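# Coordinate analysis (summary)
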Amino acid sequence: MGASLAIDTTPAPIRVLQSLRQQADDNPYVKQVVAAVARHADVSWFSWRAALFGRYDVFHVHWPEFLLRSPERSRPLQYALFLALIARIAVSRRPVVRTLHNLEPHEGASRFERFLLELLDRRTRMWIRLNAVTADRAPQTVTILHGHYRDWFAELEVPDPVPGRLLYFGLIRPYKGVEALIDSFLTLDPGLAPEAELRIVGNVSAEALRRHIVDACNVDPRIGALFGYVDDAILAKEIGQAELVVLPFRRMLNSGSLLLALSLNRPVLVPRNDANEALAEEVGPGWVLMYDGDLDGDVLLGALWQVRNAPRAPMPDLSRRDWVDAGERHYRSYLAALGGETVER
């Protein structure tokens, strides 16, 4: 009698296409999502060839407006490619999973772009919100908290804070409130805060913003700037030297910069809203400082006083933001989108 033939019944891994291309300066959040999900699924970075002709089971979308705004192609061509993608998703019944980084495109959208994005929303079977205060979306919404950056920066040197150093870092765009931060800092009386200085680090999206920052640096020697993309080592140094990070976003729902500063054990000043209040309660007192209304010099002065005098733990509690758990929850969300199981909200 011949030997029995062994049959491998192990299911093939889910194939997930991310909506972002792999780049050297990718947001570490996206790289960590891909690494965490790759423990459970076969993950690919985006290309139009893969999106239109490749094999994948789930399309995971981050910042869908990016699919319409590549500098490499004309807008009409990108719109045509986007419509072709929607058609392929509809015909093949491939589920879309969407991470809600923000509720609206930060730079706005034309009427036709909104129409195209609505078409994608209609094909979305699973919505991932990064905090518990974002409203549910139909048909199904799951909460997967924005992961921390402690592991990502673990091997890099983080220097001691410089007394009085305030830092803004990240993309410098109109909605980020950098101009308001500069104008508020300029009203700080050197006699009340003799050590205070302001550091601004990041890519500038508009020439008018760059001029505003450069003019402020020329007017007040307490203000300094480093423009452009900075690597992780420089970023760890800049954040480490801050006594307080200030992120005066006019609209703030999920901020990677906020989580990054907390991951490197630096307190952060942000506008008060539901998401920031929930985070402040989660990480413990003294780490997420909030202000109401408009930012001004008194708010900055009060925040510096809090940093120096209010009690806080040696580091914020980020235990709920582990990437191993996030990877598993993403995988289960993909299964649910495919109709395989339900997930906890």
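The preceding data block contains the structure.
Numbering of residues begins from 1 in every chain and follows the order in which that chain's sequence is written. Reporting of local features is limited, given that this is a predicted model, to residues whose pLDDT is at least 70; pairs of side-chain atoms are given and counted only at 80 or more, and all residues count toward the totals for whole chains, interfaces and linings. As a rule here, side-chain values come from all non-hydrogen atoms in the structure, and water together with hydrogens is ignored.

A separate point is the overall build of the chain. A tally of regular secondary structure across the chain gives eleven helices and twelve strands. Values of the radius of gyration come from C-alpha atoms, whereas the globule rule sets the reference at 2.2 Å times the count of residues to the power 0.38. For 345 residues, the compact-globule estimate of 2.2 N^0.38 gives 20 Å, and the chain sits close to it at 22 Å. If you line up the chain on its principal axes, its C-alpha atoms span 90 × 50 × 35 Å. Burial here depends on accessible area, computed with a 1.4 Å probe over protein chains only, as a share of the maximum for the residue type. Under 20% is buried, over 50% is exposed, and the range in between is partly exposed. Counting every position in the chain, which comprises 345 residues, the buried fraction comes to 50%. For the chain, the proportion of contacts with a sequence separation of at least 24, taken over those separated by at least 6, is 75%. The protein chains shown are the only cover counted for residues, whose accessible areas, like all others here, come from Shrake-Rupley with a 1.4 Å probe. About 16800 Å² of surface is accessible on the chain, with carbon and sulfur atoms providing 52% of the total. Counted as positive: Lys and Arg. Counted as negative: Asp and Glu, with His and the chain ends omitted from the count. Where a charge sits is defined by one atom per residue type, namely NZ (Lys), CZ (Arg), CG (Asp) or CD (Glu). Computed over 40 positive and 43 negative side-chain charges, the separation of the two mean positions in the chain equals 9 Å. To qualify as a helix, a DSSP run of H or I must reach at least 4 residues; to qualify as a strand, a run of E must reach at least 2; elements of each kind are numbered from the N terminus. The contact definition used throughout considers only heavy atoms, calling two residues in contact when any of these lie within 4.5 Å.

Just to be clear on terms, a salt bridge is a Lys or Arg side-chain nitrogen sitting within 4 Å of an Asp or Glu carboxyl oxygen. Evaluation of the coordinates by the stated rule reveals 17 salt bridges. A salt bridge links Asp-57 to Arg-15, with the nearest nitrogen and oxygen atoms 3.2 Å apart. You can see Asp-57 sitting in the loop between helix 2 (48-53) and strand 3 (58-62) and its partner Arg-15 sitting in strand 1 (residues 15-18), a full 42 residues away along the chain. The partly exposed category is assigned to Asp-57, whose relative accessible area is 21%. The partner of Glu-238 in a salt bridge is Arg-199, with the nearest N and O atoms 2.9 Å apart.

Another aspect to go through is the sheet that holds strand 7 (residues 165-169). At least two bridges found by DSSP between two strands is the condition for calling them paired. In spatial order, the strands read 9-8-7-10-11-12; together these six strands make up an open sheet with parallel pairing. Each edge of the sheet is formed by a strand with only one pairing partner; in this case those strands are strand 9 (223-227) and strand 12 (288-291). Strand-to-strand, the axes of this sheet are offset by a mean angle of 25°, without reference to chain direction. Sheet topology note: the strand 7/strand 8 (residues 197-202) ladder contains five bridges and is parallel. Residue Arg-165 lies in a different strand from strand 8, and its bridge partner there is Glu-197. Sitting on the sheet, helix 8 (residues 256-263) touches strand 7, strand 10 (244-246), strand 11 (268-271) and strand 12, and the angle it makes with strand 11 is about 155°. Angles here are taken between N-to-C directions and fall from 0 to 180 degrees, while the axes themselves are lines fitted to C-alpha atoms, restricted in helices to the stretch in contact.

Paired through backbone hydrogen bonds, the strands of a sheet run either parallel or antiparallel to each other. The strand order 2-1-3-4-5-6 describes an open sheet built from six strands, whose pairing is parallel. Lying at the two open borders of the sheet, with one neighbouring strand each, are strand 2 (42-44) and strand 6 (141-143). For this sheet, the mean angle separating the axes of adjacent strands, direction not counted, is 25°. In the sheet, strand 3 pairs with strand 4 (residues 96-100) via four bridges, with the strands oriented parallel.

Inspection of the secondary structure assignment puts Asn-131 in the loop between strand 5 (124-129) and strand 6. Of the residues examined, Asn-131 reaches a relative accessible area of 8% and is grouped as buried. As for Asn-131 and Pro-267, which are separated by 136 residues in sequence, their C-alpha atoms are 20 Å apart. Those residues in contact with Asn-131, other than ones at most four positions away along the chain, are Thr-143, Leu-145, Leu-253, Asn-254 and Ala-275.

Note: α-helices contain 3.6 residues per turn, so residues at a spacing of three or four share the same orientation. Regarding helix 5 (residues 178-186), the residues found buried are Val-178, Leu-181, Ile-182, Ser-184 and Phe-185. Taken down its axis, helix 5 places every buried residue within 165° of arc, on the same side. Buried residues in helix 5 make contact with strand 7, strand 8, helix 6 (207-219), strand 9, strand 10 and helix 10 (297-309). Relevant arc is that of directions from the helix axis to the C-beta atoms, nothing else.

The next subject is the nonpolar core. Where a protein is soluble and globular, its nonpolar side chains tend to be buried together. In this structure, Phe-169, Leu-247, Leu-269 and Leu-300 are the most contacted members of the largest nonpolar core, which totals 81 residues. The contact partners of Leu-269, leaving out residues within four places of it in the chain, are Leu-244, Val-245, Val-246, Leu-247, Leu-289, Met-290, Tyr-291, Leu-295, Val-299, Leu-300 and Ala-303. For the purposes of this section, nonpolar cores are sets of buried Ala, Val, Leu, Ile, Met, Phe, Trp, Tyr and Cys residues that join through side-chain atoms within 4.5 Å. Residues Leu-17, Trp-48, Ala-51 and Phe-59 belong to the second largest nonpolar core, which totals 21 residues.

Turning our attention to the environment of Leu-260. Position of Leu-260 relative to the elements: it lies in helix 8. In this structure Leu-260 comes out as buried when scored by relative accessible area, which is 6%. A C-alpha to C-alpha distance of 9.4 Å links Leu-260 and Gly-147, two positions 113 residues apart in sequence. Residue contacts for Leu-260: discarding those within four places in its chain leaves Tyr-149, Phe-153, Phe-169, Leu-235 and Ile-239.

Right, let's talk about the packing of helix 3 (residues 75-92) against helix 4 (residues 111-122) for a bit. Contact geometry of helix 3 with helix 4 gives a least axis separation of 10 Å together with a crossing angle of 20°. Between helix 3 and helix 4, the angle falls in the class roughly parallel. Where helix 3 crosses over helix 4, the handedness of that crossing is left-handed. Judged by residue contacts, Arg-75, Tyr-79, Phe-82, Leu-83 and Ile-86 of helix 3 engage Phe-112, Glu-113, Leu-116, Leu-117, Leu-119 and Leu-120 from helix 4. Geometric relationships in this document are graded by angle, where less than 35 degrees denotes roughly parallel, more than 145 denotes roughly antiparallel, 65 to 115 denotes roughly perpendicular, and other angles denote oblique. Two helices crossing with the near one rotated counterclockwise from the far one by less than a right angle form a left-handed crossing, whereas a clockwise rotation gives a right-handed crossing.

With that settled, the discussion passes to the packing of helix 8 against helix 9 (residues 274-283). Packing of helix 8 against helix 9 leaves a shortest axis separation of 13 Å and a crossing angle of 15°. Compared by their axis directions, helix 8 and helix 9 come out roughly parallel. By crossing handedness, the relation of helix 8 to helix 9 is classed as right-handed. Here Leu-258, Leu-259 and Leu-262 of helix 8 lie close against helix 9, whose contacting residues are Asn-276, Leu-279 and Val-283. Residues were grouped as follows: Ala, Val, Leu, Ile, Met, Phe, Trp, Tyr, Cys and Pro as nonpolar; Asp, Glu, Lys and Arg as charged; and all remaining residues, including Gly, as polar. Residue composition of the contact of helix 8 with helix 9, grouped by class: five nonpolar, one polar and no charged.

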